[in-house]
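Residue strings, one per chain:
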Amino acid sequence: MADKYISGFHAIEERLRSFHSKSDSQVKWELLYASPGPRVKKILAQAKVLGVLATQVEKKELDSLVVNLPETAQDHRGLLLRLRGEASAPSNLVDFSHWIRSVGDNALVLMLDSITDPHNVGAILRSCDQFGVDLVVMPERRSLKDPLENEVVGRASAGANAWVPVAVVPNLVRVAEQLKEAGFWVYGADSGGASVTSLKFPEKTALIMGSEGSGISRLLEEHCDAIVSIPTTGRLDSLNVSVATGVLLFEVRRQGSR
């Protein structure tokens, strides 16, 4: 397996924080750095405590290592985390069938239908971390490949992709059915739905966000208990999907804190 490189200070810091849970001795972690500034020195100190190897290299070597990464991830800012060897599955990748059998009486699930832009996925995962989402569910198809290993997702999520529990499933419709069988109310987000301010979300809530182009698929929408929208006053017809997700998650959590 080819070496994997992670760039971005936040993404690297969060990966290092997850190092304690790594048990796969076949994976070698190594920080590569050029001239260390204050932020890099802080991360190097974090790595030293964990026992992660740090090696100083020329900036041009870092430049050559990121040339095949997505454009956003090529801005290494003098620091890269290299993972060498056969990597195990991310520790926050969840088996949905196991999760649903042990879910408690209060849980918030977010389902992403056909959201493929890594910047949006990353921003959504960052909001999920901030608002305590218990599980994010993504489909195997019509979705972003390897969302927990994507460099752009890592940077856009500020490293939250190393922590937020995520399940990748073959069929979102079946997941919606299983959630309802487990006592969840399922809500789809669409600009034509009822205002979110008019609803009272139950303790077990599942929220579905669709792509900005096609929205939620018809079959999945048919399994929703209600369609919700965010009241807005702007000239544009809708919010960016990541922004809308953050607003809706805030409202669900706000109601639960009353």
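Provided above is the structure to which this section pertains.
As the structure is a prediction and not an experimental result, all values here were calculated from the model.

Reading the values: rules and limits
Residues numbered from 1 in each chain as written. Predicted model: local features only at pLDDT ≥ 70, side-chain atom pairs only at ≥ 80, totals over all residues. Heavy atoms only, no water. Pairing = 2+ DSSP bridges. Helix = DSSP H or I, 4+ residues; strand = E, 2+ residues; numbered from the N terminus. Axes fitted to C-alpha atoms, helices over the stretch in contact; angles between N-to-C directions. Contact = heavy atoms within 4.5 Å. Core = buried A, V, L, I, M, F, W, Y, C linked by side-chain atoms within 4.5 Å. Buried < 20%, exposed > 50% of the residue type's maximum accessible area, 1.4 Å probe, protein only. Polar contact = N/O pair within 3.5 Å; in protein donor to acceptor, adjacent residues only side chain to side chain.

Draft legend 1. Up close: the sheet that holds strand β8 (residues 185-195). Pairing in this open sheet of 6 strands is parallel, and the strands run β7-β6-β5-β9-β8-β10 from one edge to the other. This sheet does not close on itself; its edge strands, each paired only once, are β7 (166-169) and β10 (226-229). Across the sheet, the mean angle separating the axes of adjacent strands is 30° when strand polarity is ignored. The pairing of strand β6 (residues 135-139) with β7 spans 4 bridges and is classified as parallel. By the bridge assignment, Pro139 is partnered in β7 with Val169. In the packing of helix α9 (residues 241-256) onto the sheet, contacts are made with β5 (107-113), β8, β9 (204-210) and β10, and the angle to β9 comes to roughly 170°.

Draft legend 2. Geometry of the nonpolar core. Core analysis: the biggest nonpolar cluster contains 29 residues, and Leu110, Leu112, Leu125, Cys128, Val136, Leu207 and Met209 have the highest contact counts within it. Secondary-structure elements contributing two or more residues to this core are β5, α5 (118-130), β6, β8, β9 and α9. It is α9 that contributes the most residues to this core, 5 residues altogether. If we skip the residues at most four places from it in the chain, Val136 touches Leu110, Leu112, Leu125, Cys128, Val164, Pro165, Val166 and Ala167. Membership of the second largest hydrophobic core comes to 22 residues, among which are Met111, Val169, Ala176 and Ile216.

Draft legend 3. How the structure looks around the side chain of Lys4. With respect to the secondary-structure elements, Lys4 resides in strand β1 (residues 4-6). The contacts of Lys4, once residues within four sequence positions are left out, are Arg15, Leu81, Arg82, Leu83, Glu149 and Glu151.

Draft legend 4. Molecular detail of helix α7 (residues 172-181). Along α7, the residues that are buried comprise Leu172, Val173, Val175, Ala176, Gln178 and Leu179. For α7, the N-terminal cap is Asn171; the gap from its side-chain oxygen to the backbone nitrogen of Val173 is 2.8 Å. Two residues or fewer after α7 comes Gly183, characterised by a positive phi angle close to 95°.

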